[in-house]
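Topology and contacts: notes
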Amino acid sequence: MYNARGDEMRIVSEKRDVRDYHAQARRGGASIGLVPTMGALHEGHLSLVRRATQECDRVVVSIFVNPTQFGPGEDLEKYPRDLEADAAALEAIGADLIFAPAPAEMYAPDACTTVSVGGLTEGLCGQFRPGHFDGVTTVVCKLFNIVQPDRAYFGEKDYQQLAVIRRMVRDLDIPVEVIGMPTVREADGLALSSRNRYLSPQERAAAPKLQAALQSGAAAGREGAAGAEVERIVAEQLAQEPLFRPQYIRAVDPGSLEPLEDRSGPMVIAAAAYIGNTRLIDNIRVEG
Ligand code: PAF
């Protein structure tokens, strides 16, 4: 397979192939960008890869549906997998290497080490998905060790994940620059997500109301409303759509992710809501 840059794009499933690739790239003085994904790629992922191709000589995309970040009863089994389509999309935009390991390649049967970031992981999604962020930070740390990228690219749709990964990198002195990229949306405002394909037509039609509600909260936040008031506005608007079952709506400090409560100023308004069996998350940032 030849990518858009005229280089051969390879797909490998073993860590030692990635290490060989890395060694060869480094010998030629090439910089390496990593885009970690779970596959089922959409324009959001592709925007990360495009940015990586602009900033790095070689771009590695990992595709791994990481079992340790799914809780019991979550969608690990039915999570969409389509390596062929993903590879075609990545080749067309210039990725150089796809690392698509099997779970046994990533986790030894007796693996007993977990990378765990405290504090930041306790609220928002962390409150409802116990162990999720430990799974994310452990696998991302492993991917950083395997690929040894200069830069790694993540979407801001998963705002908490991005904050947690930045903190891990800082706290563990991992030599990688973490780059966050804006959420890519459908024309009607729905944040792109691999899980959007679970939505029925009726649910899909209602789904953009999550972003619309966050925007109403953001408008109030910009006018000086405190966190609790912003949350109330979002909740009230979301309640008008009976298909939604909100899990949380929080206005938090963009750095610490602590709830703002009666404080106003810069904030991230983050929400998770079920629509049918599909859990959607989204957020909006309000500058002070
Ligand atoms: O955002 C994701 O797709 C995953 O959480 C990540 C970062 C690839 C780790 O499995």
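Note: the structure precedes this text.
Nothing here was measured: the structure is a model prediction, and the numbers come from that model. (Residues numbered from 1 in each chain as written. Predicted model: local features only at pLDDT ≥ 70, side-chain atom pairs only at ≥ 80, totals over all residues. Heavy atoms only, no water.)

Comments concerning the overall build of the chain
If you tally the helices and strands in the chain, you get 10 helices and 9 strands. Computed over C-alpha atoms, the radius of gyration of the chain comes to 19 Å, within 12% of the 19 Å expected from 2.2 N^0.38 for 288 residues, which places it in the range of a compact globule. C-alpha extents for the chain along the principal axes are approximately 55 × 40 × 40 Å. Here the chain, with 288 residues, has 53% of them falling under the buried criterion. Excluding contacts between residues fewer than 6 apart, the proportion of contacts in the chain whose partners are at least 24 apart in sequence is 72%. Surface accessibility of the chain: about 13200 Å² in total, with carbon and sulfur atoms responsible for 48%. If the 31 positive side-chain charges of the chain are averaged to one point and the 40 negative ones to another, these points end up 1 Å apart. (Helix = DSSP H or I, 4+ residues; strand = E, 2+ residues; numbered from the N terminus. Rg over C-alpha atoms; globule rule 2.2 N^0.38 Å. Buried < 20%, exposed > 50% of the residue type's maximum accessible area, 1.4 Å probe, protein only. Contact = heavy atoms within 4.5 Å. Areas by Shrake-Rupley, 256 points an atom, 1.4 Å probe, with all protein chains shown as cover. Lys, Arg positive; Asp, Glu negative; His and termini not counted. Charge placed at Lys NZ, Arg CZ, Asp CG, Glu CD.)

Brief notes about the packing of helix α2 (residues 43–55) against helix α3 (residues 83–93)
Two quantities define a packed helix pair, namely the angle between the axes and the distance from one axis to the other. Closest axis-to-axis distance for the α2/α3 pair is 10 Å, and the angle between their directions is 35°. For α2 against α3, the interelement crossing comes out right-handed. Contacts between α2 and α3 involve L46, V49, R50 and T53 on the former and, on the latter, A89, L90 and I93. Of the residues assigned to the contact of α2 with α3, the class counts are 5 nonpolar, 1 polar and 1 charged. (Axes fitted to C-alpha atoms, helices over the stretch in contact; angles between N-to-C directions. Left-handed = near helix turned anticlockwise from the far one by under 90°. Nonpolar A, V, L, I, M, F, W, Y, C, P; charged D, E, K, R; others polar.)

Digging into a nonpolar patch on the surface
There is a patch of nonpolar side chains on the surface, built from M1, I11 and L83 and spanning about 250 Å² of accessible area. Structurally, L83 can be placed in helix α3. Residue L83 is classed as partly exposed on the basis of its relative accessible area of 38%. (Patch = residues over 30% accessible without salt bridge, like charges linked within 9 Å, V, L, I, M, F, W, Y side chains within 5 Å. Salt bridge = Lys/Arg side-chain N within 4 Å of Asp/Glu carboxyl O.)

Points about the sheet that holds strand β5 (residues 151–155)
Reading across from one edge, β1-β4-β3-β2-β5-β6 is the order of the 6 strands in this open sheet, with parallel pairing throughout. Sheet topology places β1 (10–12) and β6 (177–181) at the edges, where each strand pairs with a single neighbour. On average, adjacent strands in this sheet sit at an angle of 25° to one another, irrespective of strand direction. Examined bridge by bridge, strand β2 (residues 32–37) and strand β3 (residues 58–63) share 6 bridges and lie parallel to one another. (Pairing = 2+ DSSP bridges.)

Section: the site of the ligand
The environment of the ligand is made up of P36, T37, M38, N66, Q69, V136, V139, V140, F154 and Q161. A distance of 2.6 Å is found between an oxygen atom of the ligand and a side-chain nitrogen or oxygen belonging to Q69. A distance of 2.7 Å separates an oxygen atom of the ligand from a polar atom in the side chain of Q161. Protein burial of the ligand: of its 290 Å² of free accessible surface, 89% is covered by the chains. Taken together, the elements giving at least two residues each to the shell around the ligand come down to β2 and α6 (132–147). If one sorts the elements of the shell around the ligand by residue count, α6 sits on top with 3 residues. (Near = heavy atom within 4 Å. Polar contact = N/O pair within 3.5 Å; in protein donor to acceptor, adjacent residues only side chain to side chain.)

Overview of the packing of α6 against helix α7 (residues 159–171)
Running from N to C, α6 and α7 point in directions that differ by 55°, and their axes come no closer than 10 Å. Taken as axis vectors, α6 and α7 run oblique relative to one another. The way α6 lies across α7 gives a crossing that is right-handed. Residues F133, V136, T137, V140, C141 and F144 of α6 form the contact with α7, whose own contacting residues are Q160, Q161, V164, I165, M168 and V169. (Parallel < 35°, antiparallel > 145°, perpendicular 65-115°, else oblique.)

A word on the pattern of salt bridges
Following the criterion strictly, the structure yields 14 salt bridges and no others. For R204, the salt bridge is made with D188, and the minimal N-O distance between the two is 3.0 Å. Taken as a pair, R204 in helix α8 (residues 201–206) and D188 in the loop between β6 and α8 lie far apart in primary sequence, 16 residues in all. By relative accessible area, D188 is classed as partly exposed at 40%. Between R232 and E229 there is a salt bridge, and its shortest N-O distance comes to 2.9 Å. Separated by 3 residues within a single helix, R232 and E229 lie in helix α10 (residues 227–239), roughly one turn from each other. Accessibility expressed as a relative area gives 39% for R232, which makes it partly exposed. Note on E229: relative accessible area 32%, which makes it partly exposed.

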